[in-house]
Number of protein chains: 2
Amino acid sequence: MTATLGAVAKQAGVSVSTASRAFNEPGRLSPATVDRVVAAARELGYQPNHAARSLATGRRGSIALVVPDVANPVFASFVKAAQAQGWQQRQAVLLADTDESPELERRLVERLVPQVDGIVLCSSRLDLAELVSLDAGTRVVLVNREVPQLPSVLVDVSTGIRQAVEHLHALGHRRLAYVQGHPLSWSNSERLRLITEHAGRLGLALEVLNPQSPTYDGGIAAAASIRACGATAVVTYNDLVALGAMAQLTAMGVTVPGDVSVIGVDDIAMATMSVPPCTTISVPMDRAGRVSIEVMQGLLGGHQAEPPLVRLETQLKVRGSTGPA
Amino acid sequence: MTATLGAVAKQAGVSVSTASRAFNEPGRLSPATVDRVVAAARELGYQPNHAARSLATGRRGSIALVVPDVANPVFASFVKAAQAQGWQQRQAVLLADTDESPELERRLVERLVPQVDGIVLCSSRLDLAELVSLDAGTRVVLVNREVPQLPSVLVDVSTGIRQAVEHLHALGHRRLAYVQGHPLSWSNSERLRLITEHAGRLGLALEVLNPQSPTYDGGIAAAASIRACGATAVVTYNDLVALGAMAQLTAMGVTVPGDVSVIGVDDIAMATMSVPPCTTISVPMDRAGRVSIEVMQGLLGGHQAEPPLVRLETQLKVRGSTGPA
DNA sequence: GTGAAAGCGCTAACAG
DNA sequence: CTGTTAGCGCTTTCAC
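Calculation notes
Residues numbered from 1 in each chain as written. Chains lettered and ligands numbered in written order. Predicted model: local features only at pLDDT ≥ 70, side-chain atom pairs only at ≥ 80, totals over all residues. Heavy atoms only, no water. Near = heavy atom within 4 Å. Polar contact = N/O pair within 3.5 Å; in protein donor to acceptor, adjacent residues only side chain to side chain. Helix = DSSP H or I, 4+ residues; strand = E, 2+ residues; numbered from the N terminus. Nonpolar A, V, L, I, M, F, W, Y, C, P; charged D, E, K, R; others polar. UniProt positions renumbered as here; feature names shortened; annotations may be inferred. Contact = heavy atoms within 4.5 Å. Buried area = accessible area lost by both parts, 1.4 Å probe. Salt bridge = Lys/Arg side-chain N within 4 Å of Asp/Glu carboxyl O. Domains from an automatic or database assignment.

1. Section: the protein's contact with DNA strand C
No. 1: Around DNA strand C lies a shell of 25 residues, among which A:Leu5, A:Tyr46, B:Thr18, B:Arg21 and B:Thr33 are the nearest.
No. 2: Residue B:Arg21 places a side-chain N or O atom 2.6 Å away from a base nitrogen belonging to DNA strand C.
No. 3: At 2.9 Å, a backbone N or O of B:Ser30 approaches a phosphate oxygen of DNA strand C.
No. 4: Among the elements of the structure, helix H2 (16-24) and helix H4 (50-57) of chain A together with helix H2 (16-24) and helix H4 (50-57) of chain B are those that each provide at least two residues to the surface near DNA strand C.
No. 5: Counted by class, the surface near DNA strand C contains nine nonpolar, 11 polar and five charged residues.

2. Notes on the UniProt feature "domain: HTH lacI-type" (unreviewed entry) in chain A
No. 1: On the UniProt side, "domain: HTH lacI-type" (unreviewed entry) is annotated at positions that read residues 3-57 of chain A here.
No. 2: Across residues 3-57 of chain A, helical content stands at 71% and strand content at 0%; the span's end C-alpha atoms are separated by 20 Å.

3. Description of the interface of chain A and chain B
The extent of an interface is frequently quoted as the accessible surface area lost upon association of the parts.
No. 1: The partner chain B presents 37 residues to the 37 residues of chain A that form the contact.
No. 2: Around 3600 Å² of area is buried between chain A and chain B when both sides are counted, 64% of it from carbon and sulfur atoms.
No. 3: Of all residues in chain A, A:Lys80, A:Trp87 and A:Arg111 bury the most surface against chain B, accounting for 20% of the area lost on that side.
No. 4: In this structure, the connection of chain A to chain B is made through six salt bridges.
No. 5: We note a salt bridge from A:Asp97 to B:Lys80, for which the minimum N-O separation is 3.0 Å.
No. 6: The set of elements that each furnish at least two residues to the side of chain A that touches chain B consists of H4, helix H5 (73-88), strand S2 (92-97), helix H6 (102-112) and helix H12 (270-273) of chain A.
No. 7: Counting residues per element, the side of chain A that touches chain B draws most heavily on S2(A), at six residues.
No. 8: Tallied by class, the residues present in the side of chain A that touches chain B amount to 22 nonpolar, six polar and nine charged.

4. Regarding the domain arrangement of chain A
Residues and elements named next belong to chain A.
No. 1: Examined at the domain level, chain A breaks down into domain 1 (5-57), domain 2 (62-155 + 285-313) and domain 3 (156-283).
No. 2: The C-alpha centroid of domain 3 is placed 28 Å from the C-alpha centroid of domain 2.
No. 3: If you look at the interface, domain 2 gives 13 residues, while domain 3 gives 11 residues.
No. 4: For the pair domain 2 and domain 3, the two sides together bury roughly 1200 Å², of which 55% comes from carbon and sulfur.
No. 5: Among the residues domain 2 hides against domain 3, the three largest losses belong to Arg125, Val155 and Glu313. Together they make up 41% of the total.
No. 6: Counting across the interface, domain 2 meets domain 3 through zero salt bridges.
No. 7: Counting residues per element, the ones that place at least two in the side of domain 2 that touches domain 3 are H5, strand S5 (152-156) and strand S11 (309-313).

See below:
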């Protein structure tokens, strides 16, 4: 057991409350006293007991981060940034990985909520009703999911998608395919909506394809249908799918970007390493991580009138996987 | 505020202590009473207050996971597995990312320790003395770092490295290079030691190269010195470096594996996606994650006499990046 | 089998 | 500026 505040107080010859104040509101104490307490504290190797403080204040000093899959580079960078930001704000970060399962997400959230000050849900698949009711219990911040009632930080792919479709159109492509992600996810709906809109505007034919999963393997599996549908250009839900599709297309003897152009979304490191490197829409997940924690902090501090809504801009990064129609 | 145990007790018509027991030692209560309490609890939506429980028991119910870089696929999969395992064991997981900085690691650990039951340090770079003194305060489990006094789970690359060197030797290579990682890290020392040993045994010339960092970019930068040193085969500290080196080598007109063979370590997903796919030593970091949490649990439960030492086997996975000398 | 009561270590009024 | 005093919600002897 580590030294308690009481021990420190005694050692410094003051009362517990004074000792407590030396750490929490040093301004209200005489500098001399503060020094004395601080000295006593380090002498005894005092470490505040977090649980006791929580019990007394009602504050937990930690927030939960819920992501679908930490092993996915996109979320990993998100988590990294969020953790760093949380640390600066003196909040510990409880990590939870839902393994892409809404069911697990529900259970995790349920157990996490009572022990944190707030929770950041990344690409949540919970029902709207659950989300809203959750908000009654804790502070909630949504990332990559738009719900009017809740604060959220969104990656706004509108610019990126527009640029992507225009880029393909400019190259002379007229038949486009979109290999979508999980149909019910907010991100996918957005992407699909935008692609449909711009394809329509520019007069491109659009085919929507379903991969088994939004992963590299999903991309491999999607290659056949890409070729089958006759599109000369394809936008995928994310880079992983794009990469898988490119690899398999190449293996099938279809050249990229000679026969078909491919564009992914996320701008993960691997997108630059493939051959050819993958054109992609750059999604600032590290910024999303930082921002989401900032928003959370805002919520924990002063309560703002309406839920903040942060949109993060995206941009097309042209690389070798797109070319002449 | 959520309902308290007191409220549940009242609702069930029992005392607080009985209510408490209904959850903690139901065996000591009449089944009927347990049912009554449980019913009352769910009726009121009771959620135990973690802080209060901690204060009373001294147990925190959470463990910290400290890794150098969550964005590194190797650690990401480690974290994912550890988190999943922790969840099953009903331990929340506090995540900390040291950003490869021993300095930050020290500060993080210091702050984390008082609020957890135990801490898992992955590829720690702390001084031996710090590590040992740390152990006095909490339960500590080391991953990828061997310290006699402490329990650790190690990835044992001996088999993998031996197979790698033998494989290269069998292909006819006689001049080998090792592009090392952080020189002071335990993993690197191990790898270097083993490569030196086997190269010597088989009569291979060995050159040790220093990349700027154990990353993809580090690999790119190392390509020049690889060619310069005249080696026909190279083993790198990890896959990221291998991939970077392969890409740059190719860009420089050196063919892989025609002119030089490359072998990495980690078996990250990307290793299969490169062109050619990268031969690598498979390191089971997901198992390491699970096992480390199990070891931690063992420590938290019964205190064993001597610190457990778990070694995880590795194996060479031959792919396209190695070939004729 | 169940209840009463004493804290766990800290904070936050409320006095002085 | 500093001390006194209640708790925060739960676990845990110790009785009955």
